[in-house]
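Analysis of the macromolecular model
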Number of protein chains: 2
Amino acid sequence: MAGSRWPVASPGRRRGPELERAILDAALEQLSTVGWNALTMEGVAAGAHTGKASLYRRWPSKADLVADALRTGLPQIGEIPDGGSIREDLHLLCVRTRDVMHSRAGEALRSVLHECDHKQADRFHGLIWSGLHEPAQRLIRELVLRGIARGDVRPDATGPFVVDVIPAMLMYRAKVCGSEWGGAEIAELIDEVMVPLLRA
Amino acid sequence: MAGSRWPVASPGRRRGPELERAILDAALEQLSTVGWNALTMEGVAAGAHTGKASLYRRWPSKADLVADALRTGLPQIGEIPDGGSIREDLHLLCVRTRDVMHSRAGEALRSVLHECDHKQADRFHGLIWSGLHEPAQRLIRELVLRGIARGDVRPDATGPFVVDVIPAMLMYRAKVCGSEWGGAEIAELIDEVMVPLLRA
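These lines cover the structure that appears in this document, whether it is placed above or below. (Residues numbered from 1 in each chain as written. Chains lettered and ligands numbered in written order. Predicted model: local features only at pLDDT ≥ 70, side-chain atom pairs only at ≥ 80, totals over all residues. Heavy atoms only, no water.)

Before going further, it helps to spend a moment on the relation of the copies chain B and chain A. The transformation that overlays chain B on chain A combines an axial shift of 0.0 Å with a rotation of 180°, and the residual RMSD is 0.0 Å. What the rotation and shift describe, once combined, is the action of a two-fold rotation axis. Within chain B, Leu-197 of chain B has its C-alpha nearest the rotation axis, a separation of 2.0 Å. Take the interface residues of chain B: 100% of them recur as interface residues in chain A, which is what a same-surface contact looks like. (Least-squares fit on C-alpha atoms with pLDDT ≥ 70 in both. Contact = heavy atoms within 4.5 Å.)

Listed as interface residues are 33 residues of chain B and, on the opposing side, 33 residues of chain A. Between chain B and chain A the total buried area reaches about 2800 Å² when both faces are included, carbon and sulfur atoms providing 69% of it. Among the residues of chain B in contact with chain A, His-118, Phe-161 and Tyr-172 of chain B are the three that bury the most area, contributing 28% of the side total. Taken together, chain B and chain A are joined by 0 salt bridges. Along the contact surface separating chain B from chain A lie 8 residue pairs in polar contact (both at pLDDT 80 or more). Going through the elements one at a time, helix 7 (104-115), helix 8 (118-150), helix 9 (165-175) and helix 10 (183-198) of chain B are the ones with two or more residues in the side of chain B that touches chain A. The biggest single contributor to the side of chain B that touches chain A is helix 9 of chain B, with 8 residues. Classifying every residue of the side of chain B that touches chain A gives 19 nonpolar, 5 polar and 9 charged. (Buried area = accessible area lost by both parts, 1.4 Å probe. Salt bridge = Lys/Arg side-chain N within 4 Å of Asp/Glu carboxyl O. Polar contact = N/O pair within 3.5 Å; in protein donor to acceptor, adjacent residues only side chain to side chain. Helix = DSSP H or I, 4+ residues; strand = E, 2+ residues; numbered from the N terminus. Nonpolar A, V, L, I, M, F, W, Y, C, P; charged D, E, K, R; others polar.)

Here it is, written out as C-alpha cells:
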C-alpha cells in the first residue's frame, strides 16, 4: 500500500554482518572518491555511519580493511553455461572477466596499486591473482575440457600454457598498450587467437 | 712483445662519445649495485672517473641520465634468420626476447620500476614499450608473413592480436606468475600455443 513501510533499523542498531558490509561498502566508496592515500579509518567510519572503534575491532589497519573490502567486493566470474561451442563459451568468459576488471572493486584495486607503495603492492597483487587470474584459468581449463568432450577442441589442448593466454592478453592490452577491451576487441581475440589455437 | 703497451689515453682525456659511453655504463653499474633510490650523479661521475659537470652538461637530471643509460644499454632482439619453419623462427625470437629482458639493462629497468614513484614509472614503462614490446611485435609480424609465404603459417593469421601473444605471455608469466622463462618453458609456449595458433 502506498506510504506503508517495513520498520527499518536505525543505522546505529546494525550488528555483525550488516554493519560489516556497510563498512566495507564505505571503504570501496572512499577508494573510488578520495583514493588510497587520502582514505582514512575516520572517513570510512563516517561513510558507514558508525564509530572508528567498530572498524578497529575488525581490522587492525587501513591496509587490512581495504584488502578485505576489495576481496569481498570483487564480483565472481561465475559459471559459464554451455553455449554449444568453445567460441561462445570463451566469449562469455572474456566478457565476464573484463567486467570483473571494470567492476567498482576492480577499478579500485587498480587505483590502489597505482598509489600504494611497493611493499603493500604485493598484497594487492595477490588479490588480483586469487580473485581474478586463478579463477579465470580454472574456468578456462573447464571450458577446454568441455570442448574436447563436445568435439570442437583438439584433444591435446591440455598443456599448462593454454589457460594463460586469455588472462595474459587481457592484462597486456590493458596495462602495456593502455587500450580498452570493448566488445569488438573481445570478439577479435576469440576469433583470431583462441579459436585457431584450440579448434579440433 | 711482453711488457710493451699501446699508449692509453688517461681517463681525464676522454671526449665525446667515449666519455658518454663510460658515464652511461657507470649509471647502469650503479643501478645494478645500489639501485635507483641510492643512485646519485656524484656516484655515477666517480664510477666513470669524471666530474659531475660532465654529467649535468649532458643530462639535466638523474632520471634523464638513467633513462638514456637504459635506452642505449638495452640489447636489440636483432634480425631472425630463416630457420626453415615458424616453430624455429619463433623459438629463436622468444629466446632473444627473454635475453633482452634478462640483460643488465633489462634487469636494471625492472628494478627501477620496482623502486621509482608512479610519475617516473610512466617514462620507464615507455622504454619497455619502445625497446622491447614494439620491436618484438614488429619482428613477429615479419616472421608470420615469412611463414605465410613459406607455407607453414595459415594465410589469415594477420590480425592485430596475433603479434601480442608472445609479448603478453612472456610478461604475464614473469610478472603475474613470478616464474622464469627457461628453455623448456619457451619450447612449451611455442609448441602448445604458437604452432597450433599459426599452422597452415
